[in-house]
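Secondary and tertiary structure notes
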Amino acid sequence: EADIYQTPRYLVIGTGKKITLECSQTMGHDKMYWYQQDPGMELHLIHYSYGVNSTEKGDLSSESTVSRIRTEHFPLTLESARPSHTSQYLCASSERLYGYTFGSGTRLTVV
Amino acid sequence: AQKVTQAQTEISVVEKEDVTLDCVYETRDTTYYLFWYKQPPSGELVFLIRRNSFDEQNEISGRYSWNFQKSTSSFNFTITASQVVDSAVYFCALSEWTSGSRLTFGEGTQLTVNP
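This report concerns the structure included in the present document. Quick caveat, the model's predicted, so the values are computed rather than measured.

**Notes on the environment of Phe68(B)**
Residues and elements named next belong to chain B. Mapping phenylalanine 68 onto the fold places it in strand S8 (residues 64–69). Among the residues examined, phenylalanine 68 registers a relative accessible area of 2% and is labelled buried. Taking the C-alpha atoms as reference, phenylalanine 68 lies 9.6 Å from cysteine 23; in sequence the two are 45 residues apart. Ignoring sequence-local partners within four residues, the contact set of phenylalanine 68 consists of Tyr25, Tyr32, Leu34, Arg51, Asn52, Ser53, Asp55, Glu56, Asn58, Ser74 and Phe75.

**Section: the sheet that holds strand S7 (residues 65–66) of chain A**
All names here are of chain A. In space, the four strands of this open sheet follow the order S1-S3-S8-S7, with antiparallel pairing throughout. Looking at the sheet topology across the chains shown, the edges are occupied by strand S1 (4–7) and S7. Here strand S3 (residues 19–25) pairs with strand S8 (residues 76–78) via three bridges, running antiparallel. Each residue of the ladder has a partner; that of threonine 20, found in S8, is threonine 77.

**Here's the deal with the nonpolar core**
Counting 24 residues, the largest nonpolar core has Trp36(B), Trp66(B), Phe75(B), Phe77(B), Tyr90(B) and Leu111(B) as the members making the most contacts within it. Elements represented by at least two residues in this core include exactly strand S2 (10–14), strand S3 (19–21), strand S5 (32–39), strand S6 (46–52), S8, strand S9 (74–79), strand S10 (88–96) and strand S12 (109–114) of chain B. Broken down by element, this core gets its largest block of residues, four residues, from S10(B). Setting aside anything within four residues of it in sequence, one finds Tyr90(B) in contact with Gln6(B), Leu21(B), Trp36(B), Tyr37(B), Lys38(B), Leu48(B), Tyr64(B), Phe77(B), Ile79(B), Gly108(B), Thr109(B) and Leu111(B). Counting 18 residues, the second-largest nonpolar core is a separate cluster that includes Tyr100(A), Phe35(B), Tyr37(B) and Val89(B).

**Looking at the side chain of Thr77(A)**
All names here are of chain A. By the secondary structure assignment, threonine 77 is in strand S8. Using a relative accessible area of 13% as the deciding quantity, one classes threonine 77 as buried. Within the structure, the side chain of threonine 77 is placed 3.2 Å from the side chain of threonine 20, a separation counted as a polar contact. Those residues within four positions of threonine 77 in sequence are excluded, and the remaining contacts are Lys18, Ile19, Thr20, Ser64 and Thr65.

**Describing the interface of chain B and chain A**
The partner chain A presents 22 residues to the 23 residues of chain B that form the contact. Both sides of the chain B and chain A interface together cover about 1900 Å² of buried area, and 55% of this is carbon and sulfur. The three residues of chain B that bury the most area against chain A are Ser101(B), Arg102(B) and Phe105(B), which together make up 30% of that side's buried surface. On the surface where chain B and chain A come into contact, there are one salt bridge. In this structure, the salt-bridge partner of Arg102(B) is Asp59(A), at a minimum N-O distance of 2.8 Å. The interface formed by chain B and chain A contains eight residue pairs in polar contact (both at pLDDT 80 or more). Mapped onto the side of chain B that touches chain A, the elements with two or more residues apiece are S5, S10 and strand S11 (103–105) of chain B.

Conventions and cut-offs
- Residues numbered from 1 in each chain as written.
- Chains lettered and ligands numbered in written order.
- Predicted model: local features only at pLDDT ≥ 70, side-chain atom pairs only at ≥ 80, totals over all residues.
- Heavy atoms only, no water.
- Helix = DSSP H or I, 4+ residues; strand = E, 2+ residues; numbered from the N terminus.
- Buried < 20%, exposed > 50% of the residue type's maximum accessible area, 1.4 Å probe, protein only.
- Contact = heavy atoms within 4.5 Å.
- Pairing = 2+ DSSP bridges.
- Core = buried A, V, L, I, M, F, W, Y, C linked by side-chain atoms within 4.5 Å.
- Polar contact = N/O pair within 3.5 Å; in protein donor to acceptor, adjacent residues only side chain to side chain.
- Buried area = accessible area lost by both parts, 1.4 Å probe.
- Salt bridge = Lys/Arg side-chain N within 4 Å of Asp/Glu carboxyl O.

Written as structure tokens, this is what we have:
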């Protein structure tokens, strides 16, 4: 049973649309992360949060934005999707240095 | 700053061969964790192992074994008697205290096991 949930699993959307990728965890973890991954490629951290009302940009610049209004919820939003945003987005949470849990990912295709 | 290097982009072996995936890391911290993840074509990340910087004991789990050597900053992963189901991308990763536990991944190694 997954403790971190990402929806949708797959999304195909047209250029210019606004989209929100959902990520929720039930473990009460303070730390949450978003990674972007092109197929078969390295995972890049694009956003992270250490708690409610705390968000930071990651190592890879991204046009997406995130919010953390509740501990369990860490959605990622693209205001205007473009084909260059086509990628897999993985959400994760952790409690300490070692306790990471990853969601199943959202595969986004922008046409 | 932390860094993880997986020099092998792709490895192809025949079933039942042993294969070692290399991982070299850089960190200035004395407290850190190392991880290996498996990513099958479905895309999810499957956790395989973690080691902390104070435990250099090698570990074996079935056909999998890991060799952690601080002297060479390496954390290599060996699959013994590989199987077709082992085909996947394997990622090594590092988290360190001064980076606030953010997980940094290596580039990944695509392992293909042929029948």
